[in-house]
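Structural description and commentary
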Amino acid sequence: AAAATIVGVALDIVRNRLLVRLGIQIDLDLSQKVFQSMMRQISRLPGSQASAGLRDVSALRQYCSGSAIFSYFDLPMTPICILLIFVLHPYLGIVSIAGGVLSLLLGIVAEKMTRRVLDTATEYNMRASHLVSQATRYAEAVTSMGMLPGITSKWNALNILVMNLQTMASHK
């Protein structure tokens with residue numbers, strides 16, 4: 001039983017890290033292209049609202065690296081597993097429910113441990129959003145004066161910092 005638990009925990013850690021890396025890779029592949037495309041669209045069509053693309057990329061990254069996606073994997077099988085465990089022996093079923101309660105408590109503790117890092121990530125994400133709003137306000141000038149690569153680089157540095165902070169929080 002101990003070996004199965006260790007293997008289960010190890011697989012859960014691997015799954016978590018793979019999904020975090022998937023979210024980061026999606027962001028790295030899409031965010032700069034979306035940012036530059038957004039700036040070009042706004043410079044061609046002043047007044048257009050093209051910033052939703054960056055929010056979508058960020059939401060996709062956060063979905064892949066957040067805990068919500070794990071619930072979709074685990075939730076459907078939980079009642080079935082608990083029922084099967086109760087069929088094996090009622091005491092084992094009680095132990096499995098106690099383990100679920102313990103997992104819930106550990107989730108609450110983990111949330112408290114990561115709150116500070118995630119608050120910092122949110123602060124830098126707001127700075128990146130402010131940079132985007134400033135750049136989109138003057139998109140025509142930014143694009144025509146050749147400032148887009150510099151603005152993209154500055155935004156990308158903030159975005160990578162946010163991703164690193166979120167990754168650090170997910171590994172706690």
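Everything below is about the structure shown above.
What comes next is a walk through the structure. Every value quoted in this text rests on a predicted model; they were computed, and no experiment measured them.

The next point concerns the packing of aromatic side chains. Aromatic ring pairs: the centre-centre distance and the angle between the two ring planes describe each pair. The final tally for this structure, using the stated rule, is one aromatic pair. Note on Phe35 and Trp155: the rings are 5.0 Å apart at their centroids and 5° apart in plane angle, and the pair reads as stacked. Here the residue Phe35 occupies a position in helix α1 (residues 2-44), and Trp155 occupies one in helix α7 (residues 148-170), the gap between them amounting to 120 residues. For Phe35, a relative accessible area of 0% corresponds to the buried category.

Evaluated as defined, the whole model comprises four salt bridges. Between Glu111 and Arg115 there is a salt bridge, and its shortest N-O distance comes to 2.6 Å. Of the two residues, Glu111 and Arg115 both sit in helix α5 (residues 90-137), four residues apart, roughly one turn of that helix.

This part is about α1. An ideal rise of 1.5 Å per residue puts 63 Å on 43 residues; α1 measures up with 62 Å between its terminal C-alpha atoms. At Leu30, α1 shows its largest kink, close to 35°. The set of residues buried in α1 consists of Asn16, Leu19, Val20, Gly23, Ile26, Asp27, Ser31, Phe35, Met38, Met39, Ile42 and Ser43. Along its buried surface, α1 packs onto α2 (52-65), α3 (68-74), α5, α6 (139-144) and α7.

Thresholds applied
- Residues numbered from 1 in each chain as written.
- Predicted model: local features only at pLDDT ≥ 70, side-chain atom pairs only at ≥ 80, totals over all residues.
- Heavy atoms only, no water.
- Phe/Tyr/Trp six-rings, centres within 6.5 Å; stacked < 30°, edge-to-face > 60°.
- Helix = DSSP H or I, 4+ residues; strand = E, 2+ residues; numbered from the N terminus.
- Buried < 20%, exposed > 50% of the residue type's maximum accessible area, 1.4 Å probe, protein only.
- Salt bridge = Lys/Arg side-chain N within 4 Å of Asp/Glu carboxyl O.
- Expected span 1.5 Å × (residues − 1).
- Bend = angle between axes of the 7 residues up to and from the residue.
- Contact = heavy atoms within 4.5 Å.

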